[in-house]
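One letter stands for each residue in the lines below.
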Protein chains: 4
Amino acid sequence: MPEPIRVTVWGENVHEHRDQSVKEIYPETMHETIAAGLRASLGTQVEVRTAWLQQPENGLTEEVLANTDVLTWWGHAAHGDVADEVAERVQRAVQSGMGLLALHSAHFSKVFIKLMGTTCSLDWRSDGTDRELVWTVSPGHPIAAGVPHPLLLEREEMYGELFDIPQPDELVFISSFSGGEVFRSGCAYRRGRGRVFYFRPGDQEYPTYHHDGVKQIIANAVKWLAPDSPRALPEVHHRAEREWFTP
Amino acid sequence: MPEPIRVTVWGENVHEHRDQSVKEIYPETMHETIAAGLRASLGTQVEVRTAWLQQPENGLTEEVLANTDVLTWWGHAAHGDVADEVAERVQRAVQSGMGLLALHSAHFSKVFIKLMGTTCSLDWRSDGTDRELVWTVSPGHPIAAGVPHPLLLEREEMYGELFDIPQPDELVFISSFSGGEVFRSGCAYRRGRGRVFYFRPGDQEYPTYHHDGVKQIIANAVKWLAPDSPRALPEVHHRAEREWFTP
Amino acid sequence: MPEPIRVTVWGENVHEHRDQSVKEIYPETMHETIAAGLRASLGTQVEVRTAWLQQPENGLTEEVLANTDVLTWWGHAAHGDVADEVAERVQRAVQSGMGLLALHSAHFSKVFIKLMGTTCSLDWRSDGTDRELVWTVSPGHPIAAGVPHPLLLEREEMYGELFDIPQPDELVFISSFSGGEVFRSGCAYRRGRGRVFYFRPGDQEYPTYHHDGVKQIIANAVKWLAPDSPRALPEVHHRAEREWFTP
Amino acid sequence: MPEPIRVTVWGENVHEHRDQSVKEIYPETMHETIAAGLRASLGTQVEVRTAWLQQPENGLTEEVLANTDVLTWWGHAAHGDVADEVAERVQRAVQSGMGLLALHSAHFSKVFIKLMGTTCSLDWRSDGTDRELVWTVSPGHPIAAGVPHPLLLEREEMYGELFDIPQPDELVFISSFSGGEVFRSGCAYRRGRGRVFYFRPGDQEYPTYHHDGVKQIIANAVKWLAPDSPRALPEVHHRAEREWFTP
């Protein structure tokens, strides 16, 4: 039996305490809800712990990251409060092989922006009137397995193009909204030895992380993001010897 | 001054004679309308001729293709009437460096299917109620230059995902429809020495090829598709000599 | 425990009988050697059978393909003897979700050419003097897990660029040869619901399929190619109802 | 006649003064040599100026960048001396639409690393014994037009894989070296509204920028990198109105 995937679910942990509307949807916090969904979906295939912004070193010490195969990230109100040093540490962990699942407003986290190299800006609207449809455009991708086509979210925030990201290595999902907007909502990348998946839905004002289809996608993504090889940061090597010179 | 781009606008030329509704929208035929749009947009930058299904060799002799830098293709009702030999000839011309602009229902042409290797199937609806919005997702791409974001087509046929194509080398446009569906509507590929662009809008029942934004995209696409190098079919070479063996 | 991956190892089965040199390297045939390697590498994770050109329907009936998760293909001397109908059947199986591992001279098989849409031509030399080095360029890809960097093959046929293929969705390996040539030797594609991996080494005149690193790559590729979802050919759907019209 | 492309050739300008060997190859400095090559290749199609590290604001004020369509960058010994503020300014200019040609050791410049999001590390050797062959793998790409296949550089520094970059949007060239190493040496990316091309050859100890084939590639790259649309940094938009809500 393979080793369980060690998942750390990171939460900003601000809205759940500040906003009554969010508290009602996520009384256990967003990160504990996501963590519980993963445990329910994947059972002994995963070992899930949580971490959050207000912990020392934002909960992401070198030791935590060294023991994390896949990190999920949700943040929105306090991107600036993540220490630069921590953001760089997470970036290095991804480059070394750790998987990163960037959720919804994590598009504007320091970590995601550093990994993309673009502004990661987008269009948005959140007035409680938009319905989201998430369409699969890469039906053979592991992250799309068992996902309804389309996946229907009755109410969600709208994110619209232009989403300023590098073209994904693999585009898995595209969303439409009631207002007619579209968005590349499932985007897979490789960075160094690690993989990154961006998944759009999950605004704090809507019960998205309670949705079965969303839980399925998050569980699929965690499996896809788990590394196959030992962790190692790509480094400069001086190949002084022309080892293969003589044929 | 650079040589003009030699464009051949190919039309199936069936609906325009058979269907009164189409005749009214395109009294000069669809291909002559597209050709006129290109001449108006690009002036002396292009030399545009037309060809159609009912001509000998479907209007696409070796000589015509040898003198075509960019071929635009519209077909729908009579894909099966294109001779296999002609479809293969066009495929070879693309592999040799000719550009191909596949328009709307050309997704199911013999030529496009051969170049993609997939079924090219999709979802559709044409009941006169759908509005299409074409969103740019690659704003620096030459084919998106000067195109409104979104481009609005008041009425069009709906094409929806799953569109069974290889992931585009560059995805330029995504459409949404009133029914909530989405579609990868501007897809750029390289095949051999040639380039292929698929552009979705253009059902025969709607006046799409009279639309300024659509004309702009078609003109941009023709410029992007024009080859930079002399035509040559990739071929097997026996490199018997190890020419660079001694360093 | 997950179901075993059902692998069919297809062999052309010509050189092994005709050429004494090949018979000596592969006394059990090439396909039985590849199959034995897979069984040794993956144990109960796979169920491996073989099929070959000279069987009825080239060994690839509808029933065989319906019960194959991953098909590996080696052919060279007799590409033209594969029935068109069989090649189309394999293409449809891939589009439906079956994985395909195209080995070495399978670049010129009917199946691979149909799936690529290009000529698949290349440069070559086989005079017994070339050493091949296979370098990993996507170190986090599952197919590269545990593979030496570079993987050294003391003697192999040379394949050189230009290899006329669509740009791979993911390029995993690049080879160099003693003559200074390079080749994209590990190329991953999605086609429909299925995946395709092309792996270059494996000329019949060299003992490549006995090499541990090669066996590792083939085992990794089989795991990556196995489908995650039930098989289904992408098809046209008429979405007559605007199901999501009312927001 | 189209407006000329405004090119700024940026040079680190250190080796040319410090190292006698470099001074002999590039008595006019590397950046002036590159600039002269561009003027000779492209004539009135370009307006070329130079800028260098030791100027105020490293020669790259907001005004200079606002009037630059394409920036070429060569640096090696003093990456750390480029002000962070200047590197960020250049990054924003690229995201806004300016083209960037990153030359050789610019892989380790602040600007390139920020745009890639990876470590950009690689293997290397520079002992005067390596011959480089640059092979075209995307023969229809504008940057490959008129380039010999392979392009032969008698002596160059070796750069080898793993080159830790995101998979290029388009891979145009692959190099091999006498030691058997390979390298993705021509890599095209889009970032925001801008384009980036990385071109490997050009170590200061070899006369690479005097080479006709290299000059051809640099001229081709400048043309490909020039923007087609007005400059604009992608920004967040609040689409408060559901403008296309009523179908």
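Rules of the game
- Residues numbered from 1 in each chain as written.
- Chains lettered and ligands numbered in written order.
- Predicted model: local features only at pLDDT ≥ 70, side-chain atom pairs only at ≥ 80, totals over all residues.
- Heavy atoms only, no water.
- Pairing = 2+ DSSP bridges.
- Helix = DSSP H or I, 4+ residues; strand = E, 2+ residues; numbered from the N terminus.
- Axes fitted to C-alpha atoms, helices over the stretch in contact; angles between N-to-C directions.
- Contact = heavy atoms within 4.5 Å.
- Buried area = accessible area lost by both parts, 1.4 Å probe.
- Salt bridge = Lys/Arg side-chain N within 4 Å of Asp/Glu carboxyl O.
- Polar contact = N/O pair within 3.5 Å; in protein donor to acceptor, adjacent residues only side chain to side chain.
- Nonpolar A, V, L, I, M, F, W, Y, C, P; charged D, E, K, R; others polar.
- Buried < 20%, exposed > 50% of the residue type's maximum accessible area, 1.4 Å probe, protein only.
- Parallel < 35°, antiparallel > 145°, perpendicular 65-115°, else oblique.
- Expected span 1.5 Å × (residues − 1).
- Least-squares fit on C-alpha atoms with pLDDT ≥ 70 in both.
- Phe/Tyr/Trp six-rings, centres within 6.5 Å; stacked < 30°, edge-to-face > 60°.
- Lys NZ or Arg CZ within 6 Å of the ring centre and 35° of its normal.

Under an unreviewed UniProt entry, the name given to chain A is ThuA domain-containing protein, and the source organism is Kribbella deserti.

Got a minute to help me understand the sheet that holds strand β4 (residues 99-103) of chain D in this structure?
One key point about sheets: their strands pair by backbone hydrogen bonds, in either a parallel or an antiparallel sense. Residues and elements named next belong to chain D. Pairing is mixed across the open sheet formed by nine strands, whose spatial order is β2-β1-β3-β4-β11-β10-β9-β6-β7. A single partner strand is all that each edge strand has here, and the edge strands are β2 (46-52) and β7 (151-153). For this sheet, the mean inter-axis angle between neighbouring strands, taken without regard to orientation, is 20°. Direction of pairing for strand β9 (residues 170-177) relative to strand β10 (residues 182-191): antiparallel, over a ladder of six bridges. Bridge pairing in β10 links Leu171 to Cys187. Most of the contacts of helix α3 (residues 30-42) go to β2, to which it runs at about 175°, and overall it touches β1 (5-11), β2, β3 (70-74) and β4.

So what exactly am I meant to see when it comes to the interface of chain C and chain D here?
One frequently used descriptor of interface size is the decrease in accessible area upon assembly of the parts. In this complex, chain C contributes 23 residues to the contact, which on the side of chain D involves 23 residues. For the chain C and chain D pair, buried surface summed over both sides reaches about 1,800 Å², with 66% attributable to carbon and sulfur atoms. Of all residues in chain C, Trp135, Gln167 and Val182 of chain C give up the largest surface area on contact with chain D, accounting jointly for 26% of the area buried on that side. Inspection of the region where chain C meets chain D yields zero salt bridges. For the pair chain C and chain D, the interface holds 10 residue pairs in polar contact (both at pLDDT 80 or more).

Before we go on, may I ask you to explain the sheet that holds strand β2 (residues 46-52) of chain A in this structure?
Residue and element names in this part refer to chain A. Judged by pairing direction, the sheet is mixed, and its nine strands sit side by side in the order β2-β1-β3-β4-β11-β10-β9-β6-β7 without closing on themselves. A strand with exactly one partner marks an edge of an open sheet, and here the two such strands are β2 and β7 (151-153). Recorded for the sheet is a direction-independent mean angle of 20° between the axes of neighbouring strands. Pairing of strand β6 (residues 132-136) with strand β9 (residues 170-177) involves five bridges; the strand directions are antiparallel. Looking across to β9, one finds that Glu132 is bridged to Phe177. The strands that helix α5 (residues 84-96) touches are β3 (70-74), β4 (99-103), β10 (182-191) and β11 (194-199); relative to β11, the one it contacts most, it runs at about 115°.

Would you take a moment to explain the interface of chain A and chain D for this structure?
Facing 42 residues of chain A, the contacting portion of chain D comprises 42 residues. Summing the contributions of chain A and of chain D, the shared interface buries around 3,200 Å²; its carbon and sulfur component is 51%. Our count for the contact surface shared by chain A and chain D stands at two salt bridges. Ionic pairing is found between Arg239 of chain D and Asp123 of chain A, a salt bridge with its closest N-O pair at 2.6 Å. The interface formed by chain A and chain D holds 24 residue pairs in polar contact (both at pLDDT 80 or more) in total. Where the side of chain A that touches chain D is concerned, the elements lending two or more residues are α5, α6 (110-116), β5 (123-125), β10 and β12 (237-238) of chain A. Considered class by class, the residues forming the side of chain A that touches chain D number 14 nonpolar, 13 polar and 15 charged.

Any chance you could explain the pairing of β3 of chain A here in plain terms?
Residues in a regular strand point their side chains to alternate faces of the sheet. Residue and element names in this part refer to chain A. Along β3, five of the five residues are buried, which leaves the element largely enclosed by surrounding structure. Burial along β3 is two-sided: Val70, Thr72 and Trp74 and Leu71 and Trp73, pointing in opposite directions, are all buried. Direction of pairing for strand β1 (residues 5-11) relative to β3: parallel, over a ladder of five bridges. Bridging from a neighbouring strand, Trp10 pairs with Trp73 of β3. Relative to β4, β3 runs parallel, the two sharing four bridges. Across the sheet, residue Trp73 finds its bridge partner in β4, namely Ala102.

Even after reading the chapter, I still don't get the packing of helix α3 (residues 30-42) of chain B against helix α7 (residues 212-225) of chain B, so can you show me in this structure?
In a pair of packed helices, the angle between the axes and the distance between the axes together describe the arrangement. All names here are of chain B. In the contact formed by α3 and α7, the axes pass within 9 Å of each other and the chain directions differ by 75°. In terms of orientation, α3 lies roughly perpendicular with respect to α7. On α7, the residues touching Gly37, Leu38, Ser41 and Leu42 of α3 are Lys215, Ile218, Ala219, Val222 and Lys223. Partitioning the contact of α3 with α7 into residue classes produces five nonpolar, two polar and two charged.

Would you mind going over helix α7 (residues 212-225) of chain C with me for this structure?
Every α-helical turn comprises 3.6 residues, leaving residues that sit three or four positions apart pointing alike. Compared with an ideal rise of 1.5 Å per residue, which puts 14 residues at 20 Å, α7 of chain C spans 20 Å between its outermost C-alpha atoms and is within 8% of the ideal. Along α7 of chain C, the positions that sit buried rather than exposed are Gly213, Val214, Ile217, Ile218, Ala219, Asn220, Ala221, Val222, Trp224 and Leu225 of chain C.

Looking at this model, I keep getting lost on the relation of the copies chain A and chain D. Mind explaining?
There are two copies of the chain, and a rotation about an axis plus a shift along that axis relates them. Once chain A has been moved 0.0 Å along the axis and rotated by 180°, it coincides with chain D to within an RMSD of 0.0 Å. Such a combination of rotation and displacement between the chain copies is what one expects of a two-fold axis. For chain A, the minimum C-alpha distance to the rotation axis belongs to Gly117 of chain A and amounts to 2.7 Å. Interface overlap between copies is the fraction of interface residues in one copy that are interface residues in the other; for chain A against chain D it reaches 100%, indicating a shared surface.

Hey, could you run me through the packing of aromatic side chains in this one?
What describes a pair of aromatic rings is the distance from one ring centre to the other and the angle between the planes of the rings. Under the defined criterion, the tally for this structure stands at 30 aromatic pairs over all chains. With a centroid separation of 5.5 Å and an interplanar angle of 40°, the aromatic rings of Phe112 of chain B and Tyr198 of chain B are classed as tilted. One end of the pair, Phe112 of chain B, is in helix α6 (residues 110-116); the other, Tyr198 of chain B, is in strand β11 (residues 194-199), with 86 residues separating them in the sequence. Of the residues examined, Tyr198 of chain B reaches a relative accessible area of 0% and is grouped as buried. Relative to Phe183 of chain D, the ring of Tyr159 of chain D has its centre 5.5 Å away and its plane inclined at 65°; by these criteria the two rings are edge-to-face. A residue pair is termed long-range when its members are at least 10 positions apart, and Tyr159 of chain D in strand β8 (residues 158-160) and Phe183 of chain D in strand β10 qualify at 24 residues. One exposure class covers both Tyr159 of chain D and Phe183 of chain D, and it is buried. Through a chain of ring-to-ring contacts, three or more aromatic side chains come together here, namely Phe112, Tyr159, Phe163, Phe183 and Tyr198 of chain A. Lying across the ring of Tyr159 of chain A, Arg200 of chain A places its NZ or CZ 4.9 Å from the centre.

What is the right way to read the relation of the copies chain C and chain D from this model?
Screw-axis analysis of chain C against chain D gives a translation of 0.0 Å along the axis, an RMSD of 0.0 Å, and a rotation angle of 180°. Comparing interface residues between copies, 100% of those in chain C also lie at the interface in chain D; the contact surface is shared.

Explain the environment of Lys23 of chain D here, please?
All names here are of chain D. Tracing the backbone through its elements, the reader meets Lys23 in helix α2 (residues 20-25). With 182 residues separating them in the primary sequence, Lys23 and Glu205 have C-alpha atoms 9.4 Å apart. Not counting chain neighbours up to four residues away, the residues in contact with Lys23 comprise Glu16 and His17. A distance of 3.5 Å separates the side chain of Lys23 from the backbone oxygen of His17, its partner in a polar contact.

Could you clarify how one ought to interpret the side chain of Glu170 of chain A in this entry?
The topology assignment puts Glu170 of chain A in strand β9. Residue class for Glu170 of chain A comes out buried when judged on its relative accessible area of 5%. Once you skip the residues sitting within four places of it in the chain, Glu170 of chain A turns out to touch His141, Gly186, Cys187, Ala188 and Trp224 of chain A, Gln167 of chain B together with Glu170 and Arg190 of chain C.

What's the story with the pattern of salt bridges in this structure? I'm lost.
Should the charged atoms of two oppositely charged side chains come close, the side chains can pair. According to the stated counting rule, one finds 64 salt bridges over all chains in the structure shown. The salt bridge partner of Arg184 of chain B is Glu161 of chain B, with a shortest N-O separation of 2.9 Å. With Arg184 of chain B in strand β10 (residues 182-191) and Glu161 of chain B in the loop between β8 (158-160) and β9 (170-177), the pair connects residues that are 23 residues apart, well separated along the chain. Since its relative accessible area comes to 1%, Glu161 of chain B is described here as buried. Among the salt bridges present, the one from Arg125 of chain D reaches Glu181 of chain D, with a minimum N-O distance of 3.0 Å. Of the two residues, Arg125 of chain D sits in strand β5 (residues 123-125) while Glu181 of chain D sits in the loop between β9 and β10, which places them 56 residues apart along the sequence.

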